[in-house]
Amino acid sequence: MQQDGLDFKQAPPITVPFRFFLTAPLFGVLAALAMLWYGPDLFVSRWSPATLAVVHLLTLGSMTMVMAGAMTQMLPVLAGAPVARPRTVAAIVHSTLVMGTLMMAGGFLFAQPLLLKTALWLLGSGLSIFLAATLSIITRTRNPTPTVFAVGLSAAALAVTLVLGLTLLASRAWGFALPSAALRDLHPAWALMGWTGLLVAGVAYQVVPMFQITPHYPHWLTRAFAGVIFAVLALLSLAQWQAQGAGQPSWEWLALVCIFVLAAAYILLAGVTIDLQRKRRRRLPDVTVEFWRYGMACLGLSALLLVSQTVAPLRFAQSDLLLGVLVIVGAAMSFISGMLCKIVPFLAWFHLQSKAGVGKSVPNVRAMLPEKLQRLQLRSHLAALAACVGAALAPSLFAYPAALLFGAASVSVLWNMMSVAKVYRRLAAA
Amino acid sequence: MNSISDFMTNNHRECDNLFAVAEESVGNGKWPKAQTEFDAFRGEMERHLGMEEEVFFPAFDAKTGMQGGPTHVMRLEHDQMRKLIAEMANTVAAKDADGYLGAAETLMVLMQQHNMKEEQMLYRMMDQTFGSEAGTMIERAHAPTN
């Protein structure tokens with residue numbers, strides 16, 4: 001029997017996910033301010049300290065912030081068991097993530113090793129606690145669904161990302177040489193194709209068919225995808241590590257094959273998702289669907305660009321920067337923004353509804369976050385994305401418009417999330 | 001089909017499809033059609049919730065000796081769904097598209113996370129609990145409406 005440990009009263013208190021969701025757009029605003037300050041210099045090299053700072057304000061402060069918050073909400077439903085002590089875990093993970101990201105960005109921007117060292121301890125401990133809480137639930141799940149499996153491997157990929165990232169950070173903070181230069185490429189590979197990509201895949205298996213009433217993802221895809229990605233990332237790591245020594249053509253070939261497989265798998269995921277959305281039975285316009293469609297298109301383009309980097313004649317100077325913009329702003333932040341539009345008003349409704357009891361009426365999700373505001377969020381995001389793509393290709397022309405538009409898009413998300421939170425506060429107090 | 005999982009999961013999809021056509025007609029302002037389609041959706045939903053509340057849940061509670069367990073939470077969510085469906089009934093009668101679409105969107109998210117818990121946990125537990133009796137249970141659940 002499976003009943004033991006099954007808890008259906010799982011929803012954590014609303015403050016648990018909301019503190020993550022409301023903080024994330026603030027880091028978007030901070031990133032925009034840094035973009036405005038540094039201008040075109042930001043789009044010259046991915047290794048410049050200011051670029052590293054802005055990238056991590058986005059990937060940790062914005063993306064990981066929402067992803068961690070969403071997991072505290074989602075795991076109970078998916079795995080049938082709540083996070084233990086949700087308030088305490090959320091308070092620790094949230095505050096260390098906020099402080100750690102700020103210190104890390106500050107450490108990069110102002111060349112302060114002490115800030116980087118503090119960031120290292122904060123992020124290391126906070127994310128380890130998050131991983132321990134998450135993995136303890138997932139490993140206890142019997143008969144994991146493909147989604148739970150993908151989310152589990154995504155968390156495992158976060159663990160790898162964290163170890164690699166802490167090593168890179170330590171080498172910068174204490175000034176020692178890296179064990180291998182391969183770490184610099186492997187850290188973003190695990191972060192984006194592992195932690196982020198696998199979480200998106202796992203969520204997509206559930207959310208795309210459910211909310212839009214589309215056919216399901218093919219079984220072979222959901223069964224194989226996460227395992228293949230994780231295994232190939234591991235193989236890529238081995239190959240790139242070995243290829244660092246001179247005259248290692250066979251390891252270089254293996255690394256190349258790994259990149260092709262990873263890119264092909266993500267192109268497949270993007271293609272299948274767009275195709276499923278095309279077959280959806282709910283035909284009315286939906287902002288979240290559009291966010292996801294643009295996100296998947298950017299995911300496919302990113303994968304093609306990644307492959308193009310392995311072919312010498314197709315390489316160009318700004319390719320790395322463009323890849324970063326397409327993956328982070330184009331894919332990941334589109335998925336996240338689209339999910340926030342759906343989930344945040346629903347959670348507010350759900351908690352108000354359980355408080356209000358029978359007889360009292362609670363404003364529905366569209367009354368809380370009108371479609372008009374969601375559409376504004378989408379449009380400002382797309383404008384920011386276009387300007388960021390422009391800035392990656394022609395920094396001197398587009399860096400400042402990109403900063404302003406990205407700021408506007410972040411303010412739009414912040415405004416929308418805050419307006420839902422305000423309705424919640426007013427009615428919860430009544 | 002002789003597992004509760006398959007039978008009830010398919011019925012979820014039928015409800016989803018009825019939901020989608022009614023919503024589309026409301027969105028396009030086809031009111032008489034929307035009313036008919038909404039009535040069909042509401043009827044199928046009530047039948048589904050009824051099968052669970054009158055046949056499957058009591059049998060499961062009796063067999064497992066659980067009180068206030070998973071079926072209790074499922075019943076609470078059924079009540080929340082019924083409130084939203086009543087709101088949809090009022091708004092479709094009043095030809096209030098915004099009101100209907102807002103309630104429908106809320107119901108959709110509530111219903112899908114509810115279905116996910118049933119399909120991935122509760123129905124599987126029921127199939128294990130009832131074993132070979134599952135087939136008779138399905139016939140009994142079917143009976144009142146046939």
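Here we look at the overall build of chain A
Along its length, chain A carries 13 helices and zero strands. The C-alpha atoms of chain A give 21 Å as radius of gyration, which agrees with the globular expectation for 430 residues (22 Å, within 12%). In terms of overall dimensions, chain A has C-alpha extents of about 75 × 50 × 45 Å along its principal axes. Within the span of chain A, comprising 430 residues, buried residues form 59% of the whole. Once local pairs closer than 6 in sequence are excluded, the contacts in chain A between residues at least 24 apart make up 78%. As displayed, chain A has an accessible area near 17400 Å², and 70% of this comes from carbon and sulfur atoms. Computed over 29 positive and 10 negative side-chain charges, the separation of the two mean positions in chain A equals 11 Å.

Thoughts on the packing of aromatic side chains
All names here are of chain A. The full count for this structure, using the stated rule, is 10 aromatic pairs over all chains. Consider the rings of Y205 and Y217, whose centres lie 5.6 Å apart with planes at 65°: the pair is edge-to-face. Of the two residues, Y205 is situated in helix α6 (residues 183-212) and Y217 in the loop between α6 and α7 (219-243); the sequence distance between them amounts to 12 residues. Comparing Y205 with Y217 shows no difference in burial state: the two are buried. On the basis of an interplanar angle of 90° and a centroid distance of 5.2 Å, the ring pair of F225 and Y266 is categorised as edge-to-face. Here F225 is found in helix α7, whereas its partner Y266 is found in helix α8 (residues 249-278), with 41 residues between them in sequence. Here the two residues F225 and Y266 agree in accessibility, since each one is buried. For R184, the ring lying beneath its charged end belongs to W47, and the centroid distance is 4.3 Å. Its end group placed over the ring of W415, K422 keeps NZ or CZ at 5.9 Å from the ring centre.

A word on unusual backbone geometry
Residue and element names in this part refer to chain A. At A111, a position not held by glycine, the phi torsion is positive, near 50°. Along the chain, A111 turns up in the loop between α3 (86-109) and α4 (113-140). Residue classification places A111 among the exposed residues on the basis of a relative accessible area of 60%. At I213, a position not held by glycine, the phi torsion is positive, near 55°. Position of I213 relative to the elements: it lies in the loop between α6 and α7. According to the relative accessible area criterion, I213 is buried, its value standing at 7%.

Details of the interface of chain A and chain B
Taken together, the contact between chain A and chain B spans 36 residues of the former and 41 residues of the latter. With both sides pooled, the region where chain A packs onto chain B buries about 3400 Å², and carbon together with sulfur makes up 64% of that total. Between the two partners, chain A and chain B, sit three salt bridges. Between K342(A) and E105(B) there is a salt bridge, and its shortest N-O distance comes to 2.8 Å. Elements with a minimum of two residues in the side of chain A that touches chain B: α2 (49-79), α6, α10 (319-356) and α11 (365-368) of chain A. With six residues, the top contributor of residues to the side of chain A that touches chain B is α10(A). Among the residues forming the side of chain A that touches chain B, the class breakdown is 15 nonpolar, 13 polar and eight charged.

Concerning the packing of helix α2 (residues 31-64) of chain B against helix α5 (residues 134-142) of chain B
Residues and elements named next belong to chain B. Relative orientation of the contacting elements α2 and α5 amounts to 135°, with a least axis distance of 9 Å. Classed by the angle they form, the pair α2 and α5 counts as oblique. The way α2 lies across α5 gives a crossing that is right-handed. The segment α2 lies against α5, with R47, M51, V55, F56 and A59 engaging M137, I138, R140, A141 and H142. When grouped by side-chain class, the residues that make up the contact of α2 with α5 number seven nonpolar, one polar and two charged.

Points about the environment of R19(A)
Residues and elements named next belong to chain A. Its location among the elements puts R19 in helix α1 (residues 15-38). Measuring from C-alpha to C-alpha, the distance between R19 and L405 comes to 25 Å, with 386 residues separating the pair along the chain. Setting aside residues no more than four positions away along its own chain, R19 makes contact with A90, A91 and H94.

Points about the pattern of salt bridges
Applying the stated rule across the entire model yields 19 salt bridges over all chains. For the salt bridge of K279(A) with D275(A), the shortest nitrogen-to-oxygen distance reads 3.0 Å. The exposure class of K279(A) is partly exposed, given its relative accessible area of 43%. Using a relative accessible area of 27% as the deciding quantity, one classes D275(A) as partly exposed. With a shortest N-O distance of 3.1 Å, R82(B) and E53(B) are connected by a salt bridge. Of this pair, R82(B) sits in helix α3 (residues 70-93) while E53(B) sits in helix α2; the two residues are 29 residues apart in sequence, bridging distant segments of the chain. Look at R82(B) and you get partly exposed, because its relative accessible area is 23%. Judged by relative accessible area, E53(B) falls into the buried class, the value being 17%. Linked through salt bridges whose partners overlap, the residues forming this network are R282(A), D286(A), K342(A), E23(B) and E105(B).

Here's the deal with the nonpolar core
Residues F225(A), W292(A) and F406(A) are the most contacted members of the largest nonpolar core, which totals 185 residues. With 24 residues, α10(A) is the largest single contributor of residues to this core. For F406(A), the contacting residues outside a window of four places in its chain are G28(A), A31(A), A32(A), M35(A), L58(A), V329(A), M333(A), A384(A) and C388(A). Judged by nonpolar contacts, the second largest core, of 20 residues, contains V55(B), A59(B), M126(B) and I138(B).

Analysis parameters
Residues numbered from 1 in each chain as written. Chains lettered and ligands numbered in written order. Predicted model: local features only at pLDDT ≥ 70, side-chain atom pairs only at ≥ 80, totals over all residues. Heavy atoms only, no water. Helix = DSSP H or I, 4+ residues; strand = E, 2+ residues; numbered from the N terminus. Rg over C-alpha atoms; globule rule 2.2 N^0.38 Å. Buried < 20%, exposed > 50% of the residue type's maximum accessible area, 1.4 Å probe, protein only. Contact = heavy atoms within 4.5 Å. Areas by Shrake-Rupley, 256 points an atom, 1.4 Å probe, with all protein chains shown as cover. Lys, Arg positive; Asp, Glu negative; His and termini not counted. Charge placed at Lys NZ, Arg CZ, Asp CG, Glu CD. Phe/Tyr/Trp six-rings, centres within 6.5 Å; stacked < 30°, edge-to-face > 60°. Lys NZ or Arg CZ within 6 Å of the ring centre and 35° of its normal. Buried area = accessible area lost by both parts, 1.4 Å probe. Salt bridge = Lys/Arg side-chain N within 4 Å of Asp/Glu carboxyl O. Nonpolar A, V, L, I, M, F, W, Y, C, P; charged D, E, K, R; others polar. Axes fitted to C-alpha atoms, helices over the stretch in contact; angles between N-to-C directions. Parallel < 35°, antiparallel > 145°, perpendicular 65-115°, else oblique. Left-handed = near helix turned anticlockwise from the far one by under 90°. Core = buried A, V, L, I, M, F, W, Y, C linked by side-chain atoms within 4.5 Å.

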